[in-house]
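Descriptive analysis of the structure
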Amino acid sequence: MGMDFSTLRTLISRYCVGEENWVDSRTIYIGHKEPPPGTEAFIQQRFPDNRIVSSKYTFWNFIPKNMFEQFRRVANFYFLIIFLVQLIIDTPTSPVTSGLPLFFVITVTAIKQGYEDWLRHKADNAVNQCPVHVVHHGKVVRKQSRKLRVGDVVLVKEDEAFPCDLILLSSSRDDGTCFVTTASLDGESSHKTYYAVQETKAYNAEKEVDTIHATIECEQPQPDLYKFVGRINIYMTTEPVARPLGSENLLLRGATLKNTEYIYAVAIYTGMETKMALNYQSKSQKRSAVEKSMNAYLVVYLCILISKALINTALKYVWQSDPNKDEPFYNQKTEAERQRHVLIRAFTDFLAFMVLFNYIIPVSMYVTVEMQKFLGSYFIMWDDEMFDEELGERAVVNTSDLNEELGQVEYVFTDKTGTLTENNMEFIECCVDGHVYVPHAICNGQVMPGAAGMDMIDSSPGPAAREHEELFFRALCLCHTVQVKEEDTVDGIKHGIHQGKSTSFYISSSPDEVALVEGMKRLGFTYLRLKDGRMEILNREDEVEKFDLLEVLTFDSVRRRMSVIVRASTGEVYLFCKGADSSIFPRVISGKVDQVRARVEQNAVEGLRTLCVAYRSLNPEQYEEVFQQLNRAKLALQDRDKQLAEAYDLIEKDLILLGATAVEDRLQEKAADTIESLHKAGIKVWVLTGDKMETAAATCYASKLFHRNTQILELTTKRTEEQSLHDVLFELSRTVLRQHGGMTRDTFSELSGDCTDYGLIIDGATLSAVMRPGQEGSNSGNYKEKFLEICRNCSAVLCCRMAPLQKAQIVKLIKASEEHPITLAIGDGANDVSMILEAHVGIGIMGKEGRQAVRNSDYAIPKFKHLKKMLLVHGHYYYIRISELVQYFFYKNVCFIFPQFLYQFFCGFSQQPLYDTAYLTLYNISFTSLPILLYSLMEQHINMDILKKDPCLYRDIAKNSLLRWPTFIYWTILGVYDAIVMFFGAYFLFDNTTFTSNGQLMTTNTQMMFGNWTFGTLVFTVLVFTVTFKLALDTHYWTWINHFIIWGSLIFFVVFSLLWGGIIWPFLNYQRMYYVFMQMLSSGPAWLSIILLITASLLPDVVKKVIWRTLWPTTTERIQNADKLYKGQLSEFTPLASLHAPSKGSSHRRGSENQRNPRRSEPFTKKVMFTRWQKAPDYCTFTPLLRFADSSRHSRQGYNYSGAGPETSV
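All of these numbers come straight from a predicted model, not from anything done at the bench.

1. Quick word on the overall build of the protein
A tally of regular secondary structure across the protein gives 38 helices and 43 strands. Of all 1210 residues assigned to the protein, the portion counted as buried reaches 52%. Contacts in the protein between residues far apart in sequence, at least 24 positions, make up 71% of those at least 6 positions apart. Counting only carbon and sulfur atoms, one obtains 56% of the accessible surface of the protein, whose full area is about 54,500 Å².

In structure tokens, the structure reads:
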């Protein structure tokens, strides 16, 4: 297929609506007015209405569409086939036995999906029927939102949301601007300014707006919220006036009008073509490692099922080779049966055996897993420890399918700004021509009040430098997009610059800009306002200076700088530019570059965010040339961004350096503790950031990603300029492999004291070179492998100067490596979305860079520190619970169906069922489903506080350890053993049978009537009690709910059996179970048999667990034993490392780390554990009891201890 399906669909849809001459732009006629004759052809295009549809189904297509989606699942389709086979051919069991569970699963899922879709319909209707005000023939009329059309002129009032994507025509403000919050789109609560075109801003009444004669040409709808290219043609005279339209003129659906009384705007994108609707796109489906294991196990069990059916079919025909057995006198075949071909008969028998044994595939497991994931996700949302009071936000679960994946994470990729740091900027200092200024501390070299104790005193600049200094301060007061809010509140939140005064405050989409403008205010230059295209600032002499704002060259992540062109009151024109040092220094032709560069590098090492400021004077000819370049680029409909970038590049050159600023972005609370805990849990943490290397490295040291003894390896542009990339990679590879002897760090479990800690730093440019596909004949083909080899042997990696796409590439590279590790990406901004979507698990931080990361993530948390509990506690629990759920389901179904297989050897392979139809149907639905569901929601094998305190326990469940093949085989063998005990135990205990006087079969040793249904009921009773007791033995965390559900399910089984066999049900044609259960329970030996068989079934598993826990306990089991010993108070004991199995000859390098896979055979290290006795005021030491330490040796040394500290060896 040369063409992609989506492309084909798009082409078909275009031709179907008659758009053969498809263009990448659309023409909109404002107010649906035709242009004047002779100007251009009037072609009225067809656009969709303003109806929003987020629902998946309609009333008519719900059943077929939902059924199609559900039967795409392999298990559902398999059970449908089995059900149809039961209907078509004569099978040993009723179609109800497989039809009812399937119907239950399909119905529950359909109800859940239907309810969710009904809520979407309800939300859609509320939006689509919302009233909007439209200007029609000079009057304002109300209509429903869904009836809005492209070209309608809309009136929007303050605090109203925009009903569709609009182009601003005019507003109640004289300068034609309006303020908007886009919180519902990207989470940014700051007020953004949008502009009307100069020619239309004066039309601010209904009748005036109705006289506007104009057309808009713009691009076809596309989902980028921040990009728009268009042009408005206004017919005022004979020649139309063309003006450019950009994202600053476009009001997006879902945004809200603020601090502006009203606006008039024209609809250009409606309904499902609005940018908000285009961003509804569904994320790609992520599947967890547990789900993949489940599917692999299902394949194995399907093979077992087919094998059983084949064996029984073959043995049946071996059995029937004797004519007397094939056709006994009491069961003669019909003529039709004799004439059927043997192959058809064999195939029919094979299908009948498949139906008989099909319960080995647990269809109800899927619905139980779905319910466990859905209900379990609420525990994250209800967790009060993950509630942030400052934000008033809780953790959010967007995808419950990945809960257990949180317990399998091996790599964490984190953003820096706003994720590790607070993104709460504070102005620290600025440097002008080498002179340093600290607000309220040093200004002009004079120590100011409140600066006592500071060790940085700078010399006063000379008179010649005074002009440069003031130019620098003016540059920072003018080069920004900050708005000034005159009132003292915004959305109910008080903001004030001066203490005690509610004068004005600054709002901006970038926290850096507000910090810089506030910093200048503290240094004596106050930005006042932007009014009528004029920026006003208050200088140190309290004089107001006015500058005409001529052009704004907006910031973008590629240029990494922004500029403004202003005209001073004296007539001089300046270009002020601020940006990253790497983007400013190459464009500077004069200024004290060395002094400023030195200061920038020093600040970067201290972890401060730095910006450089430069300027250029423009004479009238130069400005005219600049104006023409920008105008040409702005009016372009094709490649506008590219043309603007080229124009900006030509304008922002020949700059004179003024100085630099330093802003601090503080580390988030407990960020360092979280990273250290992740390290101890065996998780590798990578920081991916767009910041410069020095700043990012300083943050990494502060957050304990790098330690002081970490040996830093650099793979940066600076180094690859000195050596070829090939040589640098091979040299770094030799360095790490020389230390580790060719083995990865995972082999050492990061424990050996002799093992050097390596940290790698790589920048975006070098990464591009590494990722570039190798040319034939070159050596670059294996760069990726070498890079991965180096990374695997580093404890931490820092990637700086990264573009958003490169972040996703890094995650994809690690995902695709040969170990296929589970990855987690965490970030707070739009630039992190690509890596969040790429990683196995994506987590969004509810930060200050908008909510795009939160919307696109699988989980969202208020702060980075909550990641610790999310992984180490919730992830650990979810994985433990679901792994037990999966193994237990397969185990109980093996126990259930293997006796049925054995029974065929005793009934002539006649496909006679061992159990009654009601038991077959309700075994998985009622008798055994609730206890395991409750277990999978509530089990806590270790106290929550211990999991938080000892991250090393996370290693016990790493790499899907509880769902590996040996564990799966053990559970299967255990199921087969239990089935054999149940079947043959019942068989031999009731072996001697005689006929009673009335012809009934009775056992001589029990005097109990005994037939096939009694035998089957006995086996089934033992089965239900055994599998339920097995779950009870595996439960560590008991509550009244556990007791109620586990013992309640057993009572329900007994009560149901009594009712089912004790009453003659009128709706049954025959009642083969009548009085069977009561007859069985009336026999004393039957009770004894049930107890003996249950004990014999459970005993091997119990003995195995006791021996293993005694001789070769895992770290988890040691802590469980200790917790029982200290009656649940173990979380108060300080060093849990005393319970860890140490690695041979290793010293403890990081607190209480242990091996990823602790060896069971190694002895304990003797430790002293600290505790504070509840009643005593002082602290004491004691030697751990039993086998946790040698009880014959006591420490004689006392300690004064006041909190959690390191472990102390004896």
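2. Description of the sheet that holds strand 15 (residues 411–414)
Here we have nine strands laid out as an open sheet, ordered 14-38-37-36-15-32-35-34-33, and mixed in their pairing. Looking at the sheet topology across the chains shown, the edges are occupied by strand 14 (396–397) and strand 33 (711–715). Packed onto the sheet, helix 29 (residues 866–903) meets strand 15, strand 36 (823–827), strand 37 (841–845) and strand 38 (859–861) and runs at close to 135 degrees relative to strand 38.

3. Describing the nonpolar core
If you look at the biggest cluster of nonpolar residues, it comprises 92 residues, and the most contacted ones within it are V886, F896, Y915, F1020 and L1023. Take this core: its biggest share by element is 17 residues, from helix 29. If near-sequence neighbours (up to four positions away) are discounted, Y915 is found in contact with C895, F896, P899, Q900, L920, W1013, G1016, V1019, F1020 and L1023. Listed in part, the 39 residues of the second largest apolar core include V397, A671, A696 and I826.

4. Concerning the environment of Q643
Secondary-structure assignment places Q643 in helix 18 (residues 640–651). Among the residues examined, Q643 registers a relative accessible area of 31% and is labelled partly exposed. Setting aside anything within four residues of it in sequence, one finds Q643 in contact with R632, A633, A636 and Q638.

5. Examining the packing of aromatic side chains
Summed over the entire model, instances satisfying the criterion amount to 61 aromatic pairs. Consider the rings of Y301 and F890, whose centres lie 4.7 Å apart with planes at 45 degrees: the pair is tilted. Of the two residues, Y301 sits in helix 8 (residues 289–319) while F890 sits in helix 29, which places them 589 residues apart along the sequence. With respect to burial, Y301 and F890 carry one shared label: buried. Each ring, one from F906 and one from F983, has its centre 5.6 Å from the other, and the planes form 45 degrees; the classification is tilted. Of this pair, F906 sits in the loop between helix 29 and helix 30 (917–927) while F983 sits in helix 33 (residues 965–989), and the two are 77 residues apart along the sequence. Of note, K1030 hangs over the ring of W971, and the distance from its end group to the ring centre comes to 4.7 Å.

6. Brief notes about the confidence of the model for the protein
When pLDDT is averaged along the protein, the result is 77, and 79% of the positions lie at 70 or above. Scored below 50 in pLDDT, residues 1–22 shows nine contacts in the model against residues more than four places distant or in partner chains. Across residues 1142–1210, confidence stays below pLDDT 50; counting only partners more than four residues off in sequence or on other chains, it has 155 contacts.

7. Some details on a nonpolar patch on the surface
A cluster of nonpolar side chains, namely W1038, W1047, I1051, V1055, L1059 and I1063, defines an oily patch on the protein surface of about 520 Å² accessible area. With respect to the element layout, I1051 can be found in helix 35 (residues 1040–1062). Given the relative accessible area of 55%, I1051 is considered exposed.

8. Section: the pattern of salt bridges
Taken as a whole and judged by the stated rule, the model has 40 salt bridges. In this structure, the salt-bridge partner of D210 is K33, at a minimum N-O distance of 3.8 Å. Of this pair, D210 sits in the loop between helix 6 (206–209) and strand 8 (214–219) while K33 sits in the loop between strand 1 (25–29) and helix 2 (62–70), placing them 177 residues apart in sequence. Classification of D210 by relative accessible area gives partly exposed; the value is 24%. Look at K33 and you get partly exposed, because its relative accessible area is 21%. One continuous salt-bridge network, built from bridges that share partners, spans D383, E385, K869 and K948.

9. Examining the sheet that holds strand 4 (residues 153–157)
Overall, antiparallel pairing links the six strands, which are arranged 3-2-4-13-5-11 in an open sheet. Edge strands, defined here as strands with exactly one partner in the open sheet, are strand 3 (139–144) and strand 11 (250–251).

10. Let's talk about helix 14 (residues 511–522)
With twelve residues, helix 14 should reach 16 Å at 1.5 Å per residue; the first-to-last C-alpha distance of 17 Å fits that figure. Counted residue by residue, helix 14 has nine buried out of twelve residues, so it is predominantly covered. All buried positions along helix 14 are accounted for by D512, E513, V514, A515, L516, V517, G519, M520 and K521. Taken from the residues just after helix 14, G524 is the one with a positive phi, measuring 110 degrees.

11. Observations concerning the packing of helix 8 against helix 12 (residues 363–381)
The contact between helix 8 and helix 12 brings their axes to 13 Å, and the two run at 170 degrees. Considered as vectors, helix 8 and helix 12 are oriented roughly antiparallel to each other. Here E291, M294, N295 and L298 of helix 8 lie close against helix 12, whose contacting residues are M365, Y366, V369 and K373. Tallied by class, the residues present in the contact of helix 8 with helix 12 amount to five nonpolar, one polar and two charged.

12. Quick word on the pairing of strand 9 (residues 230–234)
Within a regular strand, side chains alternate between the sheet's two faces. Taken across its five residues, strand 9 has four buried, putting it largely inside the fold. In the sheet, strand 8 pairs with strand 9 via five bridges, with the strands oriented antiparallel. Residue pairing across strands places I216 opposite I232, the latter belonging to strand 9. As defined by bridge partners, strand 9 adjoins strand 10 (residues 241–245) across five bridges and the pair is classed as antiparallel. Across the sheet, the residue bridging to I234 is V241, located in strand 10.

13. Here's the deal with unusual backbone geometry
In terms of backbone geometry, most residues other than glycine have negative phi values and most peptide bonds are trans. Backbone geometry places D159, a non-glycine residue, at a positive phi of 70 degrees. In this structure, D159 sits in the loop between strand 4 and strand 5 (165–171). Given a relative accessible area of 49%, D159 falls into the partly exposed group. With a phi angle near 50 degrees, D433 is a residue other than glycine that sits in the positive phi range. Here D433 is to be found in the loop between strand 16 (421–432) and strand 17 (435–437).

Definitions and limits used
Starting from 1, residues in each chain are numbered consecutively following that chain's sequence as written. Local features in this predicted model are restricted to residues whose pLDDT is 70 or higher, and side-chain atom pairs enter the listing and the counts only when it is 80 or higher, whereas totals over whole chains, interfaces and linings include all residues. For the side-chain quantities, the full set of heavy atoms in the structure was used; hydrogens and water were omitted. The helix and strand labels rest on DSSP assignments: H or I over at least four residues marks a helix, E over at least two residues marks a strand, and numbering proceeds from the N terminus. The buried label goes to any residue with under 20% of its type's maximum accessible area, the exposed label to any with over 50%, and the partly exposed label to all in between, with areas taken from a 1.4 Å probe on protein chains only. Here, residues are in contact when the closest pair of their heavy atoms is within 4.5 Å. Areas reported as accessible are Shrake-Rupley estimates using a 1.4 Å probe. Residue values count occlusion only from the protein chains shown. Strands qualify as paired when DSSP identifies two bridges or more between them. Whenever a helix is involved, its axis is fitted only over the stretch in contact; in every case the axis is a line through C-alpha atoms, and angles between N-to-C directions fall within 0 to 180 degrees. Among buried residues, the Ala, Val, Leu, Ile, Met, Phe, Trp, Tyr and Cys ones that are joined through side-chain atoms within 4.5 Å form a nonpolar core. Side-chain rings of Phe, Tyr and Trp, where Trp is taken by its six-membered ring, are said to pair if the distance between their centres is within 6.5 Å; with planes under 30 degrees apart they count as stacked, over 60 as edge-to-face, and otherwise as tilted. Definition used: whenever NZ (Lys) or CZ (Arg) falls within 6 Å of the ring centre and also within 35 degrees of the ring normal, the charge is taken to sit over that ring. The predictor rates its confidence in each residue with pLDDT, a number between 0 and 100. Here a patch means residues that are over 30% exposed by relative accessible area and free of salt bridges, tied together within 9 Å if like-charged and within 5 Å if nonpolar (Val, Leu, Ile, Met, Phe, Trp, Tyr). Definition used for salt bridges: Asp or Glu carboxyl oxygen within 4 Å of a side-chain nitrogen of Lys or Arg. Given the number of residues in a helix, its expected span is that number minus one, multiplied by 1.5 Å. Every angle not falling under 35 degrees, over 145, or within 65 to 115 is termed oblique; those three ranges are roughly parallel, roughly antiparallel and roughly perpendicular. Under the convention adopted here, Pro, Cys and the residues Ala, Val, Leu, Ile, Met, Phe, Trp and Tyr are nonpolar, Asp, Glu, Lys and Arg are charged, and Gly plus all remaining residues are polar.

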